[in-house]
Amino acid sequence: MSEDKTPQILALMRGAAESAARAAAEQIGRGPAEGVEGAAARAMCEALSRLPFAVRIAAGEGCAGEVSSLYEGEIIGGERRDPAFDLAVDPGEGTTYLADGLTNAMTVLALAPVGAMRRLAPALYMEKFAAPPAAKGQIDPAWPIDEKLAVLGKVLGKEVEELSIFVLEKPRHRLLIDQIRELGAEVTSFPAGDIAGALLSALPQSGIDAMMGTGGIREGILSACAARALGAEFQGRIDPQLQSEQAAVKQAGLDVTRWIPAEDLVTSTDTCFCATGITTGLLLEGVERIEGLDRVQTLMIAGSTGESQLQTTWRRLAPNA
């Protein structure tokens, strides 16, 4: 996409992200997490249907037949034919834990030229390594933890004891967290939000130096789009977690030993990325309702220029809100 069209596309994506975030925030505390995610997905789908061009969902809520909208392969917007772009969406990353007061919940979209986003189905999980631009190409994610942290510290001009590593707070990561702490580095851990972790690893002065651990494939594609736009390091390795997933991955002939760089996950740097906070976290402030207005905060990243922008918007509530 040309640079002159990028602001318009980002504005449209921001509208969809903010609609989803506001809808999700409206449902917090009013029922199960599925209701929050469903409200976000419906609002995002409605906003995307009004796009003046067609997009293909490359990484979405599920496969056709499993979900009614935002499914992989769905063409949405415009005249719903000949899509020019692939779109990855997560209407509510982290919404599963909102009832427990989770931070870092947000709604996320990423766009790239059609065919640029790699499809890794039937794999669902991926081990990830994300780091700042200075570390790009300097670290093999297959190295032992001590070697990775030593080289990371060297390229960032820090001692290992000064590093802060983002790791999802999951039982599968207990050993990883223990190893990082034993080496003297700090662990920043939350139950959800590995897209936020990857972004924080890429953005300057965030206080996070890298992200490690296993999370969702869809979140990996979204993170790879942002990393490509920012010139940051991101790699992923298919890491099935359930026996059923292991069997499906094996039958599909997918390589679970190879680390896949961001350049192979998203084959174009011409990406647009957009994330809006639902609840306040390390990266974004959540939706806040004040005197008939919703205050929302959105991070936008343009791959065509490498620029990122953090925007706070006040949106008037609907009359019946």
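Everything here concerns the structure above.
Residues numbered from 1 in each chain as written. Predicted model: local features only at pLDDT ≥ 70, side-chain atom pairs only at ≥ 80, totals over all residues. Heavy atoms only, no water.

**Q** Break down the pattern of salt bridges for me, with residues and values.
**A** By the definition in use, this model includes 18 salt bridges. Among the salt bridges present, the one from E72 reaches R119, with a minimum N-O distance of 3.8 Å. Pair noted here: E72 is in the loop between β1 (55-59) and β2 (75-76) and R119 is in the loop between β4 (106-113) and β5 (125-131), with a separation of 47 residues, a long-range link. The exposed category is assigned to R119, whose relative accessible area is 54%. A salt bridge links D209 to K158, with the shortest nitrogen-to-oxygen separation between them at 2.7 Å. Residue D209 is located in the loop between α5 (194-202) and β8 (210-216), and its partner K158 is located in the loop between α3 (145-156) and β6 (164-168); the two are separated by 51 residues in the primary sequence. (Salt bridge = Lys/Arg side-chain N within 4 Å of Asp/Glu carboxyl O. Helix = DSSP H or I, 4+ residues; strand = E, 2+ residues; numbered from the N terminus. Buried < 20%, exposed > 50% of the residue type's maximum accessible area, 1.4 Å probe, protein only.)

**Q** Lay out the packing of α5 against helix α6 (residues 217-230) with the relevant residues and their values.
**A** Interaxial distance between α5 and α6 falls to 9 Å at its minimum, and their mutual angle equals 15°. The angle between α5 and α6 places the two elements in the roughly parallel class. The hand of the α5/α6 crossing is right-handed. Contact residues: α5 offers D194, I195, A198, L199 and A202, while α6 offers E219, L222, S223, A226 and L230. Here the residues of the contact of α5 with α6 are counted per class, giving seven nonpolar, one polar and two charged. (Axes fitted to C-alpha atoms, helices over the stretch in contact; angles between N-to-C directions. Parallel < 35°, antiparallel > 145°, perpendicular 65-115°, else oblique. Left-handed = near helix turned anticlockwise from the far one by under 90°. Contact = heavy atoms within 4.5 Å. Nonpolar A, V, L, I, M, F, W, Y, C, P; charged D, E, K, R; others polar.)

**Q** A description of the pairing of strand β3 (residues 85-93) should follow, citing residues and the corresponding values.
**A** Of all nine residues in β3, nine are buried; the element is thus mostly enclosed. Judged from the four bridges that link them, β1 and β3 form a sheet pairing that is parallel. Bridge pairing in β3 links A59 to A88. Pairing between β3 and β4: seven bridges, direction antiparallel. Paired with V89 across the strands is L109, a residue of β4. (Pairing = 2+ DSSP bridges.)

**Q** Go over the packing of aromatic side chains, please, and point to the residues and values.
**A** Aromatic ring pairs are described here by two measures, namely the spacing of the ring centres and the angle between the planes. With the rule as written, the count across this model stands at two aromatic pairs. Judged by centre distance (5.3 Å) and plane angle (65°), the ring pair of F53 and F85 falls under edge-to-face. Separated by 32 residues along the polypeptide, F53 in the loop between α2 (33-48) and β1 and F85 in strand β3 bring together distant segments of the chain. Relative accessible area serves as the criterion here: at 19%, F53 is assigned to the buried category. Overall, F85 belongs to the buried group, its relative accessible area being 12%. Seen from their ring centres, F166 and F190 are 6.1 Å apart, and the 20° between their planes marks the pair as stacked. Here F166 is found in strand β6, whereas its partner F190 is found in strand β7 (residues 186-190), with 24 residues between them in sequence. Looking at F166, the relative accessible area reads 1%, which means it is buried. In this structure F190 comes out as buried when scored by relative accessible area, which is 18%. (Phe/Tyr/Trp six-rings, centres within 6.5 Å; stacked < 30°, edge-to-face > 60°.)

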